[in-house]
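Working through the structure, step by step
Residues per chain are reported as follows:
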Amino acid sequence: MDLPINGKCLGSISLETSLDSQLDKVIVVVNQEDPLTWLPSKFLVAHSNCIVKRSKLSNEGQAVSLKAGLKIAQDLQADAVMVLLADQPFISQKLLDRLISIYKIKRPDFIASSYNGIQRPPIIINSILYPELWKLEGDTGARHIIRNNNQGIIVKENEEIQFIDIDTPQQYHCLIKSIRKC
């Protein structure tokens with residue numbers, strides 16, 4: 001999460017975007033051992049709506065991290081959660097706010113963004129589906145739930161850059177090369 005992109009740490013970019021959005025709270029789930037060097041202290045000071053949850057088991061897969069964040073969201077009595085990935089640095093505030101606005105008006109089971117016909121984070125999940133989130137195991141994410149539910153809304157996006165996901169060193173180096181060409 002602390003890889004540099006245009007002078008900022010990879011993990012902090014989407015966090016800053018989420019904190020600037022209409023989200024009421026932002027829950028950041030990290031590994032117990034994460035030194036948080038990618039997380040500027042100004043976020044924690046300036047944004048009282050940011051909660052950092054350290055999880056001993058977060059390396060065991062997406063489901064563990066989802067459940068750690070979900071526990072806090074339920075304690076806060078959140079009527080929905082938005083699943084975001086810290087390694088998607090180009091997600092826009094405009095997209096987040098658009099999904100939130102649609103959710104507030106229509107209250108579907110979920111709202112998923114989509115590019116090229118594939119649902120991708122960010123995804124808003126209504127509390128009606130929290131029991132399904134609790135059933136997830138291993139490296140299974142929320143995508144499994146939305147594929148099996150037809151009571152949601154898919155929001156098609158045309159900008160591929162919003163969905164760039166940096167999971168490997170190769171993806172990071174490819175991204176840096178393309179940024180330098182611009």
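See above for the structure.
We now turn to the structure provided with this report. (Residues numbered from 1 in each chain as written. Predicted model: local features only at pLDDT ≥ 70, side-chain atom pairs only at ≥ 80, totals over all residues. Heavy atoms only, no water.)

1. Description of the nonpolar core
Of all hydrophobic cores here, the largest spans 23 residues; its most connected members are Leu15, Val28, Trp38, Met82, Leu99 and Ile124. Contributing elements (two or more residues each) for this core: helix 1 (10–20), strand 3 (26–31), strand 5 (80–83), helix 4 (93–106) and strand 6 (110–115). For this core, the element with the highest residue contribution is helix 4, accounting for 5 residues. Apart from residues no more than four positions distant in its own chain, Met82 is found in contact with Leu23, Leu96, Leu99, Ile100, Pro122, Ile123 and Ile124. Of all hydrophobic cores here, the second largest spans 17 residues; its members include Val81, Ala112, Leu129 and Leu133. (Core = buried A, V, L, I, M, F, W, Y, C linked by side-chain atoms within 4.5 Å. Buried < 20%, exposed > 50% of the residue type's maximum accessible area, 1.4 Å probe, protein only. Helix = DSSP H or I, 4+ residues; strand = E, 2+ residues; numbered from the N terminus. Contact = heavy atoms within 4.5 Å.)

2. A closer look at the pattern of salt bridges
For the structure shown, the criterion picks out 5 salt bridges. Here Glu16 makes a salt bridge to Lys8, at a shortest N to O gap of 2.8 Å. The residue Lys71 makes a salt bridge to Asp75 at a minimum N-O spacing of 2.9 Å. Residue Lys71 and its partner Asp75 are both found in helix 3 (residues 62–75); the two are separated by 4 residues, about one turn of the helix. (Salt bridge = Lys/Arg side-chain N within 4 Å of Asp/Glu carboxyl O.)

3. Describing the packing of aromatic side chains
Scanning the entire structure with this criterion turns up 1 aromatic pair. Between the aromatic rings of Tyr115 and Phe163, the centroid separation amounts to 6.1 Å while the plane-to-plane angle is 25°, which identifies the pairing as stacked. A residue pair is termed long-range when its members are at least 10 positions apart, and Tyr115 in strand 6 and Phe163 in the loop between strand 8 (153–156) and helix 7 (169–181) qualify at 48 residues. Note on accessibility: Tyr115 and Phe163 belong to one class, buried. (Phe/Tyr/Trp six-rings, centres within 6.5 Å; stacked < 30°, edge-to-face > 60°.)

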